[in-house]
Amino acid sequence: MNAQTPIVLGVVVVVLILIGVYVFWRRSKGATPVEPIRRLYKTVGVLGAALGGPWDSGLDDSDWAEISEVLLAADVGVEASTRIVRGLRSAKPESLDDARGHLARLLRSELDDAPRMLRLDGELSIVVIVGVNGTGKTTTVAKLSYRLKEEGKSVIIGAADTFRAAAGEQLEIWARRVGVDIVTGQEGGDPAAVVFDTISAAKGRHADIVIIDTAGRLHGKKNLMGELKKIYKVAAGDGEVDEVLLVLDATAGQNGLAQVREFVETIPVSGIVLTKLDGTAKGGIVIAVEKELGIPVKFIGLGEGLDDMEPFDPDSFISALLEES
């Protein structure tokens, strides 16, 4: 061993310690968040690009038709698109900035003014997650559990999807990743019994929040909708469920709305989680959802990671739609 060896080893140790401290700091903070407006990469500028008409000479019918077509292509909906274009034409914008300002106000007026924060006021808050198969319901349960745990809440998940094979096992994997407790039942068992057991466990462990995952019920299966009513009744107990969140796949567009109307008629849905919004240019579905269902979008999904779910901010979203591409 030469004279410089202890020095080299000391430097290596210091470097390793610094790396360890940095990794710990990153994990404690979470990955550096990407600005949500930029994560909507397929939605950004989808309407802004349609406003590049010949403002000096005024817009003709073909220009207005193009703006209307872009709104429809973005899944804003026929009635809302008609109202927006009519309002923009009536405003007679004289410049691109003027048009963008008017369009932003018109789009904002189409969105609900209802509160978008989760209502979790009780000693033990109950959140029920519903939606059809393939919308991202299970990952939404995991993301919401992660978000609430990061806020210092004690969360227990109830795996009440006893119909789908291995659904409980899949949710158990997510629960371990998040670091929260989970209550499961036997495959094919009574999902309402799982809800009862979960709430009992939460009370015994003095948990803050119960999140119930339900089966991805197809809207035409009346017996499954009846089961959902039973789940809701058990979850509500002598009071009420704090939140019923309906998970909707943004990439399904208008077709997705037809699949979820019966949910709204079956139980009191209080909010929408719109998933996979980073994978579609049809960002206007947010407007269609709120107008047609009359329920506020509370969260949007922007990826598969645990932190890839953001509270929905109407103003930021509209800015994304109108941003110059």
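How each quantity is defined
Residues numbered from 1 in each chain as written. Predicted model: local features only at pLDDT ≥ 70, side-chain atom pairs only at ≥ 80, totals over all residues. Heavy atoms only, no water. Axes fitted to C-alpha atoms, helices over the stretch in contact; angles between N-to-C directions. Helix = DSSP H or I, 4+ residues; strand = E, 2+ residues; numbered from the N terminus. Parallel < 35°, antiparallel > 145°, perpendicular 65-115°, else oblique. Left-handed = near helix turned anticlockwise from the far one by under 90°. Contact = heavy atoms within 4.5 Å. Nonpolar A, V, L, I, M, F, W, Y, C, P; charged D, E, K, R; others polar. Buried < 20%, exposed > 50% of the residue type's maximum accessible area, 1.4 Å probe, protein only. Pairing = 2+ DSSP bridges.

When you look at the packing of helix H10 (residues 253–266) against helix H11 (residues 285–293) in this model, what are you seeing that I'm missing?
Each pair of packed helices gets described by two things: the angle between the helix axes and the distance between those axes. Axis separation between H10 and H11 bottoms out at 11 Å; the angle between their running directions is 30 degrees. Taken together, H10 and H11 sit at an angle that is classed as roughly parallel. In terms of crossing hand, the pair formed by H10 and H11 is right-handed. Along its contact with H10, which presents Gly 253, Gln 254, Leu 257, Val 260, Arg 261 and Val 264, the element H11 presents Ile 285, Ala 288, Val 289, Glu 292 and Leu 293. Considering only residue class, the contact of H10 with H11 consists of 7 nonpolar, 2 polar and 2 charged.

Which parts of the structure should I look at to understand the pairing of strand S7 (residues 297–301)?
Within a regular strand, the side chains alternate between the two sheet faces. For S7, the buried fraction is high: 5 of the 5 residues fall into the buried class. Pairing analysis gives 3 bridges linking strand S6 (residues 271–275) to S7, with the strands arranged parallel. Along S7, the bridge assignment pairs Val 273 with Phe 299. Alignment of S7 against strand S8 (residues 309–311), held across 3 bridges, turns out to be antiparallel. Its bridge partner being in S8, Gly 301 is matched across the sheet by Met 309.

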